[in-house]
Amino acid sequence: MARNSKAPKETVHYTIRPADLALHLFEVRLTIASPDPEGQVLSLPAWIPGSYMIREFARNIVQIHAECAGRKVKLTKLDKHSWKAARCDGPLQISYQVYAWDLSVRAAHLDQTHGFFNGTSTFLQVHGKEALPHVVDIQPPGAGRDDRRDDDSDDSHDDARYAHWRVATSLRELKARRHRFGTYIADNYDELIDHPVEMGEFVLLRFEAHGVPHEMAITGRVPNLDTDRLTADLKKICEHQIALFEPASKRAPMDRYVFLTLAVGDGYGGLEHRASTALICARADLPVKGQATMSEGYRTFLGLCSHEYFHTWNIKRIKPAVFAPYDLRHENHTPLLWLLEGFTSYYDDLTLVRTGLIDEKAYFSLLAKTLNGVLRGTGRLKQSVADSSFDAWTKYYRQDENATNAVVSYYTKGSLVALLLDLTIRAQTAGKRSLDDVMRALWRRYGRDFYAQTNSVSEASAANTPGGRGVTEAEVEALFDEISGLSLKALLEKAVRGTRDLPLEAAFEPFGITMKDGAKRSRPSLEARTRKENGDCKLAAVYEGGAAHQAGLSAGDVLLAIDGLRVTASNVESLLGRYRLGDTVPVHVFRRDELMTFKLNLKADSAPQYAIESSNKPVAAARLRKAWLRNRG
Ligand SMILES: [Zn+2]
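For every chain, the first residue of the written sequence is number 1, and numbering continues from 1 onward in sequence order. Since the coordinates come from a predicted model, pLDDT governs what is reported: local features require at least 70, and pairs of side-chain atoms require 80 or more to be given and counted, while whole-chain, interface and lining totals use all residues. As a convention, hydrogens and water are excluded, and side-chain values are obtained from all of the structure's heavy atoms.

Novice: What should I look at first to understand the overall build of the protein chain in this one?
Specialist: Strands here mean DSSP runs of E at least two residues long; helices mean DSSP runs of H or I at least four residues long; both are numbered from the N terminus. Tallying secondary structure elements over the protein chain gives 16 helices and 31 strands in all. We take the radius of gyration over the C-alpha atoms and set the globule estimate at 2.2 Å times the residue count to the 0.38 power. A globule of 633 residues ought to have a C-alpha radius of gyration of about 26 Å, and the protein chain, at 27 Å, matches this closely. Its C-alpha atoms give the protein chain principal-axis dimensions of about 80 × 65 × 55 Å. Classification of residues uses two cut-offs on accessible area relative to the type maximum, computed with a 1.4 Å probe and protein chains only: under 20% is buried, over 50% is exposed, and between them is partly exposed. Going through the 633 residues of the protein chain one by one, you find that 56% of them count as buried.

Below, the structure written as structure tokens:
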């Protein structure tokens with residue numbers, strides 16, 4: 001929807017500028033025309049939506065002070081992320097510096113090459129004013145600096161060096177040209193913090209997906225980047241997903257969309273927003289001009305783009321009720337991340353095969369990798385995906401060496417739940433219904449009008465923010481039966497709240513797909529994850545039930561010798577390969593620098609290594625499979 005870009009009367013107004021690039025400081029000025037007469041409360045979020053961990057962004061506020069009509073006003077700290085200004089008639093001005101040196105998609109980063117920020121790291125929430133329009137003046141380095149400085153040793157304020165910096169964001173321009181510094185606007189605080197901002201000298205790719213302008217800004221040096229190939233591939237992904245949710249109108253849920261990509265030596269990550277995403281990738285994963293093959297790195301990058309783009313529907317608009325609105329001060333527990341992250345993980349790679357970016361064989365090998373990964377850990381036998389979702393804040397996001405034995409991933413197992421449901425619905429309705437229909441129904445009923453609705457505000461609610469009420473677990477589950485015409489309650493119960501392995505082999509059968517376990521069980525295995533540390537072989541994780549566990553070895557142990565022969569990070573496999581299953585050998589380790597000896601009873605790895613393969617017979621199976629993997633975009 002095109003909006004009128006006239007300045008509204010009462011706004012919350014911010015100015016943000018890179019103040020010291022070498023010290024990684026943004027300076028923010030916040031003006032509140034008519035502050036709360038009882039004393040204005042301000043706070044910074046404790047977490048960023050999409051990343052379910054308490055991060056306490058306020059710890060990066062270095063200095064903060066307040067003025068009212070030119071006079072200094074007292075700010076009282078209320079808790080780790082909130083302040084209260086002394087009573088004043090206004091306008092109240094808050095000035096603060098934000099330390100920005102977190103090279104991730106979750107916070108803020110600033111140096112001489114670029115600046116990046118999420119509003120959750122930089123924009124204080126003005127309590128009671130969240131529903132007002134929020135205006136941000138985004139300024140370049142050097143703007144508004146104090147000209148009285150006589151210290152000219154710092155040349156980071158040399159404006160000419162940053163004359164080519166541009167701005168990439170999905171925030172709406174108020175008084176700014178596209179990609180320029182200037183004034184931007186959001187309808188409310190919830191929207192303000194949902195449009196990250198990149199500034200610097202980025203490469204800009206542009207394309208349209210079903211008539212909607214899309215961009216990718218790539219920051220970081222990437223020699224010989226094949227921009228044509230990347231643009232064409234992204235367009236396929238975006239058009240496919242728009243058509244998946246809106247097959248008739250092919251209408252995208254946003255006016256424009258921006259991929260903000262930071263290319264680094266080694267990195268991987270993405271965070272979804274309503275009309276953009278922030279990505280970090282390895283430079284080597286981006287396509288090189290003249291190389292047409294699909295490298296594993298590029299496929300992974302396209303999978304990441306596909307994943308974050310799918311969130312535009314699934315989590316940014318189809319939201320769990322507890323996220324409508326978010327409580328930015330505390331953990332927001334939901335049992336539904338298996339749907340929001342798991343199903344998104346299912347559709348990310350499925351989009352690649354449906355659009356022809358990867359072939360069926362490559363897709364099945366990705367499915368097998370996911371399946372084998374889930375089956376590796378015994379955490380899957382203890383925690384359901386619903387519980388894993390609920391406890392994401394303290395378990396999935398805070399994994400330690402025991403995670404494999406205690407936690408199941410709502411991403412990977414959640415994607416297998418989606419696969420199981422999709423295959424089941426397709427097989428039992430002879431291809432008439434599918435998970436696509438369920439996603440579309442979720443979208444129409446709970447997602448499409450999310451930002452057009454107004455949330456009823458309880459007194460305890462942190463933000464009186466416009467938005468729908470979201471969807472409950474019961475409503476999601478009821479939709480499966482309603483849309484498929486089947487009775488899937490028992491299957492869902494087992495898949496979502498159960499801990500038994502999913503019956504995928506049977507679900508594949510009507511599609512002519514087989515799972516074969518090709519694990520080599522002739523060689524001994526420690527069943528432990530090892531890590532190289534100063535050339536030593538250190539146990540990073542010990543898998544429950546394996547030889548290392550049964551011998552009494554522990555994560556953190558440094559392996560010194562097996563059967564009196566020295567172990568290094570590079571020879572452990574070949575050394576074990578000299579023994580037969582059933583042999584018992586002594587193992588020497590250091591634990592807290594104390595030498596310890598254990599008896600290792602050698603046995604084979606118990607984890608399966610499935611390969612997933614398809615056959616074109618019978619014809620009915622091939623037909624079902626082709627309909628599943630077909631592009632409808
Ligand atoms: Zn995700």
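Novice: Just to check I follow, could you spell out the pairing of strand β18 (residues 212–219) for this structure?
Specialist: Remember that side chains alternate between the two faces of the sheet whenever the strand is regular. The element β18 is extensively covered by neighbouring structure, given that seven of its eight residues are classed as buried. Whether two strands pair depends on DSSP finding at least two bridges between them. Of the pairings in the sheet, the one linking strand β17 (residues 203–209) to β18 comprises seven bridges and is antiparallel in character. Its bridge partner lying in β18, F207 is registered against H214. Bridge analysis of β18 against strand β19 (residues 257–264) gives six bridges, and the strand direction is parallel. From the neighbouring strand, E215 faces β19, where its bridge partner is V258. Since β18 and β19 lie parallel, the crossover through helix α3 (residues 227–245) that links them has a hand, and here it is left-handed. When the strands point away from the viewer, a crossover counts as right-handed if the route from the first strand across the helix to the second turns clockwise.

Novice: Is there a simple way to explain the pairing of strand β25 (residues 536–542) in this structure?
Specialist: Buried residues dominate β25, accounting for six of its seven residues. Pairing analysis gives six bridges linking strand β24 (residues 528–533) to β25, with the strands arranged antiparallel. Pairing of R531 across the sheet is with K538, part of β25. Relative to strand β26 (residues 558–562), β25 is paired through two bridges, and the arrangement is antiparallel.

Novice: Explain unusual backbone geometry here, please?
Specialist: Most peptide bonds take the trans form, and the phi angle of most residues other than glycine is negative. Omega for the bond connecting A324 with P325 falls within 30 degrees of zero, at -5 degrees, which places this linkage in the cis form. Within the fold, P325 resides in the loop between α4 (296–310) and α5 (337–354). For the bond from K617 to P618, the omega torsion is -5 degrees, close enough to zero to count as cis. Located in the positive-phi region is K250, a residue other than glycine, with phi close to 50 degrees. Examined against the element boundaries, K250 turns out to sit in the loop between α3 and β19.

Novice: Please explain the coordination of the zinc ion as it appears in this structure.
Specialist: Six octahedral donors at a metal ideally form angles of 90 or 180 degrees, and four tetrahedral donors ideally form angles of 109.5 degrees. Around the zinc ion, the protein supplies H307 (NE2), H311 (NE2) and E341 (OE) as donor atoms, at distances of 2.0 to 2.1 Å. Positions of the donor residues of the zinc ion, expressed as sequence spacing, correspond to H-x3-H-x29-E. Here E341 lies in helix α5 and H307 lies in helix α4, a separation of 34 residues in the sequence. With a relative accessible area of 8%, H307 lands in the buried category. Relative accessible area serves as the criterion here: at 1%, E341 is assigned to the buried category. Distances define the donors: N, O and S atoms within 2.8 Å of the metal qualify, as do those within 3.2 Å of Na, K or Ca. Water is excluded, so some sites may look unfinished.

Novice: Would you take a moment to explain the sheet that holds strand β5 (residues 71–73) for this structure?
Specialist: Whenever strands of a sheet pair, they do so through backbone hydrogen bonds, lying parallel or antiparallel. Taking strand neighbours across the sheet as the criterion, the eight strands line up as β5-β4-β8-β2-β1-β12-β15-β14 in an open arrangement whose pairing is mixed. Since the sheet does not close on itself, it has two edges, and those belong to β5 and β14 (172–175), each with one partner. For this sheet, the mean angle separating the axes of adjacent strands, direction not counted, is 30 degrees. Orientation is described by axes fitted as lines to C-alpha atoms, over the contacting stretch for helices, and by angles from 0 to 180 degrees between their N-to-C directions.

Novice: What am I meant to see in the pattern of salt bridges here?
Specialist: Opposite charge on two side chains permits pairing when their charged atoms draw close. Whenever a carboxyl oxygen of Asp or Glu lies within 4 Å of a side-chain nitrogen of Lys or Arg, that contact is scored as a salt bridge. Scanning all chains against the criterion turns up 35 salt bridges. Between D327 and R329 there is a salt bridge, and its shortest N-O distance comes to 3.4 Å. In this structure, R591 and D557 form a salt bridge, with 2.7 Å as the shortest nitrogen-oxygen distance. Here the residue R591 occupies a position in strand β28 (residues 584–591), and D557 occupies one in the loop between α14 (547–551) and β26, the gap between them amounting to 34 residues. Residues joined by salt bridges that share partners form a network here, namely D190, D194, R274 and K316.

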